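# Topology and contacts: notes
Here is what each chain is made of, one letter per residue.
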Amino acid sequence: MPCTILRISNPYGMTSSTVRPQGIIPILASCALEGSVFRLWGDGDAEKDFIHINDFNEAVNHVISGRITGTYNLSSGRSYSVNSVIAMIKDLTGKPINVVHEPGYKWDVVASRLDNSAFRKASNWTPGITLEDGLRECVDTLRAISTGPTKSAL
């Protein structure tokens, strides 16, 4: 049976739980906006490849419409250190972030950059949302949620 396997980097840009220990971007942005503690595993030098959910969705649409089969990396193709993401969110929010360092986990990936060239070639897809633009959207969305009239319903 023909199938497609997408090995996805770190998706962000969707509403997610800020209680789970995964999904660093919404957790970090929430901590910045709320003034709460951000617990960082390790020293922050770990590099991650982040892909915006809209780029992910567009890639899946390419798979379906193009009937693409195979195994591919789905990523932005660029990595950022956790410390650089912290700095970007500080700049976007204009607020300090109370970072508490905790020991890193042995299972956590220290350097992640997935080569998406095979998928780009097979699908004519390319990621379109930069991390900077995606972070700005995430912060703006969280601001709207925290100040909107429906906050008590969350």
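The structure we're discussing is the one just above.
The present account deals with the structure reproduced in this document. What you see is a predicted model, and the numbers here were worked out from it, not measured in a lab. (Residues numbered from 1 in each chain as written. Predicted model: local features only at pLDDT ≥ 70, side-chain atom pairs only at ≥ 80, totals over all residues. Heavy atoms only, no water.)

### Some thoughts on the packing of helix H1 (residues 24-34) against helix H3 (residues 82-93)
Here H1 crosses H3 at 40°, and the two axes come no closer than 10 Å. Classified by the angle between their axes, H1 and H3 sit oblique to one another. Between H1 and H3 the crossing geometry is right-handed. On the side of H1, the interface is formed by Ile 24, Ile 25, Leu 28, Ala 29, Ala 32 and Leu 33, while H3 contributes Val 82, Val 85, Ile 86, Ile 89 and Thr 93. For the contact of H1 with H3, the class distribution of residues is 10 nonpolar, 1 polar and no charged. (Axes fitted to C-alpha atoms, helices over the stretch in contact; angles between N-to-C directions. Helix = DSSP H or I, 4+ residues; strand = E, 2+ residues; numbered from the N terminus. Parallel < 35°, antiparallel > 145°, perpendicular 65-115°, else oblique. Left-handed = near helix turned anticlockwise from the far one by under 90°. Contact = heavy atoms within 4.5 Å. Nonpolar A, V, L, I, M, F, W, Y, C, P; charged D, E, K, R; others polar.)

### Considerations on the pattern of salt bridges
Scanning the entire structure with this criterion turns up 3 salt bridges. For Glu 102, the salt bridge is made with Arg 39, and the minimal N-O distance between the two is 3.2 Å. Placement of the pair is Glu 102 in strand S7 (residues 98-102) and Arg 39 in strand S3 (residues 37-41), with a sequence separation of 63 residues. Overall, the relative accessible area of 27% leaves Glu 102 in the partly exposed class. A salt bridge links Asp 140 to Arg 143, with the nearest nitrogen and oxygen atoms 3.9 Å apart. (Salt bridge = Lys/Arg side-chain N within 4 Å of Asp/Glu carboxyl O. Buried < 20%, exposed > 50% of the residue type's maximum accessible area, 1.4 Å probe, protein only.)

### What to know about the environment of Tyr 80
Take Tyr 80: it is sitting in strand S6 (residues 79-81). Ignoring sequence-local partners within four residues, the contact set of Tyr 80 consists of Ala 46, Glu 47, Lys 48, Phe 50, Val 85, Met 88, Leu 131 and Glu 132. Of the polar contacts made by the side chain of Tyr 80, one reaches the side chain of Arg 78; its length is 3.0 Å. (Polar contact = N/O pair within 3.5 Å; in protein donor to acceptor, adjacent residues only side chain to side chain.)

### Some remarks on the sheet that holds strand S4 (residues 47-52)
On the basis of which strands lie adjacent, the open sheet formed by 3 strands has the order S2-S4-S6 and mixed pairing. If you trace the sheet from one side to the other, it starts and ends with strand S2 (10-12) and S6, each paired once. Here the strands of the sheet are splayed against their neighbours by 50° on average, with no regard to which way each runs. Bridge count for S4 against S6 is 3 bridges, and the pairing is antiparallel. The partner of Lys 48 across the bridge, within S6, is Tyr 80. Packed on one face of the sheet, helix H2 (residues 53-66) meets S2 and S4 and runs near 65° to S4. (Pairing = 2+ DSSP bridges.)

### Some details on the side chain of Asn 116
Within the element layout of this structure, Asn 116 appears in the loop between S7 and helix H4 (117-123). At 2.8 Å, the side chain of Asn 116 forms a polar contact with the backbone oxygen of Ser 75. At a separation of 2.5 Å, a polar atom in the side chain of Asn 116 contacts the side chain of Arg 120. Once residues lying within four places of it in the same chain are set aside, the contact partners of Asn 116 are Asn 73, Ser 75, Ser 76, Gly 77, Trp 125 and Pro 127.

### Comments concerning the environment of Ile 64
Along the chain, Ile 64 falls in helix H2. On the basis of relative accessibility, which here comes to 59%, the residue Ile 64 falls in the exposed class. Sequence separation of Ile 64 and Asn 10 is 54 residues, and the distance between their C-alpha atoms is 21 Å.

### Some points on unusual backbone geometry
If you check the backbone angles, Arg 67 has positive phi at about 50° while not being a glycine. Relative to the helices and strands, Arg 67 is located in the loop between H2 and strand S5 (70-74). Of the residues examined, Arg 67 reaches a relative accessible area of 75% and is grouped as exposed. Phi at Asn 124 is positive, roughly 60°, even though this residue is not glycine.

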